[in-house]
Amino acid sequence: MPVVLGEISVLTTPLSVVRILEMLFGCTTFSLVSLANNNETINKSNTYTFCMFTWCFFFILTALIFLVEFAQFQSLVPISWKNLPITMALLGALMTLMASIGFPYCAIKHKKFIDPRLVAASIFSCLTFLAYAAEACIMKVRNAEQRGYMATTPGFLKVYEVFGACVVFVTLDGEVVTCEAGPLFWWCMAVYCSCFLMSLCTIGVMLGECTGRCPVPFDRILAGFGSLCVLMYVTAVSYWAWALVHPSHCNQYTWKVITAAVMTCLNLLAYTVDLAFSIKLLYYRA
């Protein structure tokens, strides 16, 4: 039966309950951090900015999705509603997980006294991650008619590729750039930016349901993007392997350098698996 506008029973579905919890936990998290904003135990680095952006952005996006579904205005939104909520849930789970790890480790200065509000914010951030992970699981087990491309394994890999690049961008701050700056390092930055844009554009095409408008079959475009990204990431992984074995300007390994190297390797693995799915799709269609 169609859902009546404003029907209260819509709010009691598992998906709606999870989204309400996401908004509640997310709002509580950034509110607590904002209240303790002038505290000397906060290190306002790139990680702090990333965490605040994550909590605020996904709170707003979740609220908009919740209101659109409650009012049954999906048909008025020029975006694939099969793909948008699952994309938001997957990316929200990954980014809030990163925020839950990065905030207590990097954004809080570990002194004898730490503001209890920051400890509570870290706990609520973890709860926010669990809520987004629960939403992703709920939408993942939907029947095939209700799921879109982004609910499949290749769709999840696209989301992870974007997330992995975001983590690298946050990690490589001015300190690391000064330490590692050189032609090969800037080539790695070009690799991250290029592959990030290709994955982001692919997600945008899926959300806009524009695959049929491409002059070239989109599965071939995916295979071409995947091949290019794998080759480019191989060079980036080679650079970080060389940098860790033969540090040129750094006297010691920092967690930022190690994080960038690990995330580069994980993204290479994601692009490789994604390419395998694209080749498999081309094979079946041929």
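The structure displayed is predicted, hence computed values, not measured ones.

**Some thoughts on the environment of Phe196**
Move 1: Locating Phe196 in the fold gives a position in helix α7 (residues 183-208).
Move 2: For the pair Phe196 and Leu24, spaced 172 residues apart in sequence, the C-alpha separation works out to 31 Å.
Move 3: Setting aside residues no more than four positions away along its own chain, Phe196 makes contact with Val162, Ala165, Cys166, Phe169 and Tyr271.

**Some thoughts on the UniProt feature "transmembrane region" (unreviewed entry) in the protein**
Move 1: The UniProt entry lists residues 20-36, 48-68, 88-106, 184-208, 220-241 and 253-277 under the feature "transmembrane region" (unreviewed entry), expressed in the numbering used here.
Move 2: This span, residues 48-68, is 100% helix and 0% strand, and a straight line between its end C-alpha atoms measures 30 Å.
Move 3: End C-alpha to end C-alpha, residues 88-106 measures 25 Å, and it is 100% helix and 0% strand.

**Considerations on the environment of Ile279**
Move 1: Examined against the element boundaries, Ile279 turns out to sit in helix α9 (residues 255-285).
Move 2: Looking at Ile279, the relative accessible area reads 47%, which means it is partly exposed.
Move 3: Linking Ile279 and Cys106, residues 173 residues apart in sequence, is a C-alpha distance of 40 Å.

**Some details on the nonpolar core**
Move 1: One finds Trp55, Phe103, Phe163, Leu172, Tyr192, Cys195 and Trp240 to be the most contacted residues of the largest nonpolar core, which totals 77 residues.
Move 2: Elements with a minimum of two residues in this core: α1 (14-35), α2 (46-71), α3 (84-107), α4 (116-140), α5 (153-171), α7, α8 (218-245) and α9.

**Some details on the packing of aromatic side chains**
Move 1: Inspection of the entire model under this criterion finds 15 aromatic pairs.
Move 2: Considering the side-chain rings of Tyr192 and Tyr233, the 5.9 Å spacing of their centres and the 55° angle between planes classify their relative orientation as tilted. Of the two residues, Tyr192 sits in helix α7 while Tyr233 sits in helix α8, which places them 41 residues apart along the sequence. As far as burial versus exposure is concerned, Tyr192 and Tyr233 are alike and both buried.
Move 3: Ring geometry for Tyr283 and Tyr284: centres 5.9 Å apart, planes at 55°, overall tilted. For the pair Tyr283 and Tyr284, a shared accessibility class is recorded, and that class is exposed.
Move 4: In textbook terms, an aromatic cluster arises when at least three aromatic residues are bridged by ring pairs, as seen for Phe185, Trp186, Tyr239, Trp240 and Trp242.

**Considering the side chain of Ser199**
Move 1: Its location among the elements puts Ser199 in helix α7.
Move 2: Polar side-chain contacts of Ser199 include one of 2.9 Å to the side chain of Glu161.
Move 3: Setting aside residues up to four positions removed in sequence, Ser199 forms contacts with Lys158, Glu161, Val162 and Tyr271.

**Examining α1**
Move 1: With 22 residues, α1 should reach 32 Å at 1.5 Å per residue; the first-to-last C-alpha distance of 32 Å fits that figure.
Move 2: Residues of α1 that are buried: Leu15, Ser16, Val18, Arg19, Glu22, Met23, Phe25, Gly26, Thr29, Phe30, Leu32 and Val33.

**A word on the packing of α1 against α4**
Move 1: Running from N to C, α1 and α4 cross one another at 155°; their axes reach a closest spacing of 8 Å. Between α1 and α4, the crossing angle belongs to the class labelled roughly antiparallel. Viewed along their axes, α1 and α4 form a crossing whose handedness is left-handed.
Move 2: Residue composition of the contact of α1 with α4, by class: 16 nonpolar, 5 polar and 4 charged.

**A few points about unusual backbone geometry**
Move 1: For Gln72, which is not glycine, the phi torsion reads 60° and is therefore positive.
Move 2: Considering the arrangement of structural elements, one finds Gln72 in the loop between α2 and α3.
Move 3: One non-glycine residue, Glu209, lies in the positive phi region at around 50°.
Move 4: Its place among the elements puts Glu209 in the loop between α7 and α8.

**Some words on the environment of Phe30**
Move 1: Position of Phe30 among the secondary structure elements: in helix α1.
Move 2: The exposure class assigned to Phe30 is buried, which follows from its relative accessible area of 14%.
Move 3: Measuring from C-alpha to C-alpha, the distance between Phe30 and Phe58 comes to 11 Å, with 28 residues separating the pair along the chain.
Move 4: Once residues within four sequence positions are removed from consideration, Phe30 is found in contact with Met52, Trp55, Cys56 and Phe59.

**What about a nonpolar patch on the surface?**
Move 1: A cluster of nonpolar side chains, namely Ile258, Val262, Leu266, Leu269, Val273 and Phe277, defines an oily patch on the protein surface of about 460 Å² accessible area.
Move 2: Looking at the secondary structure, you find Val262 in helix α9.
Move 3: Using a relative accessible area of 41% as the deciding quantity, one classes Val262 as partly exposed.

**Brief notes about the side chain of Thr62**
Move 1: Following the sequence through the fold, Thr62 ends up in helix α2.
Move 2: For Thr62, the side chain forms a polar contact with the side chain of Tyr132, separated by 2.6 Å.
Move 3: Setting aside anything within four residues of it in sequence, one finds Thr62 in contact with Arg19, Glu22, Met23, Met88 and Tyr132.

The rules we used
- Residues numbered from 1 in each chain as written.
- Predicted model: local features only at pLDDT ≥ 70, side-chain atom pairs only at ≥ 80, totals over all residues.
- Heavy atoms only, no water.
- Helix = DSSP H or I, 4+ residues; strand = E, 2+ residues; numbered from the N terminus.
- Contact = heavy atoms within 4.5 Å.
- UniProt positions renumbered as here; feature names shortened; annotations may be inferred.
- Buried < 20%, exposed > 50% of the residue type's maximum accessible area, 1.4 Å probe, protein only.
- Core = buried A, V, L, I, M, F, W, Y, C linked by side-chain atoms within 4.5 Å.
- Phe/Tyr/Trp six-rings, centres within 6.5 Å; stacked < 30°, edge-to-face > 60°.
- Polar contact = N/O pair within 3.5 Å; in protein donor to acceptor, adjacent residues only side chain to side chain.
- Expected span 1.5 Å × (residues − 1).
- Axes fitted to C-alpha atoms, helices over the stretch in contact; angles between N-to-C directions.
- Parallel < 35°, antiparallel > 145°, perpendicular 65-115°, else oblique.
- Left-handed = near helix turned anticlockwise from the far one by under 90°.
- Nonpolar A, V, L, I, M, F, W, Y, C, P; charged D, E, K, R; others polar.
- Patch = residues over 30% accessible without salt bridge, like charges linked within 9 Å, V, L, I, M, F, W, Y side chains within 5 Å.
- Areas by Shrake-Rupley, 256 points an atom, 1.4 Å probe, with all protein chains shown as cover.
- Salt bridge = Lys/Arg side-chain N within 4 Å of Asp/Glu carboxyl O.

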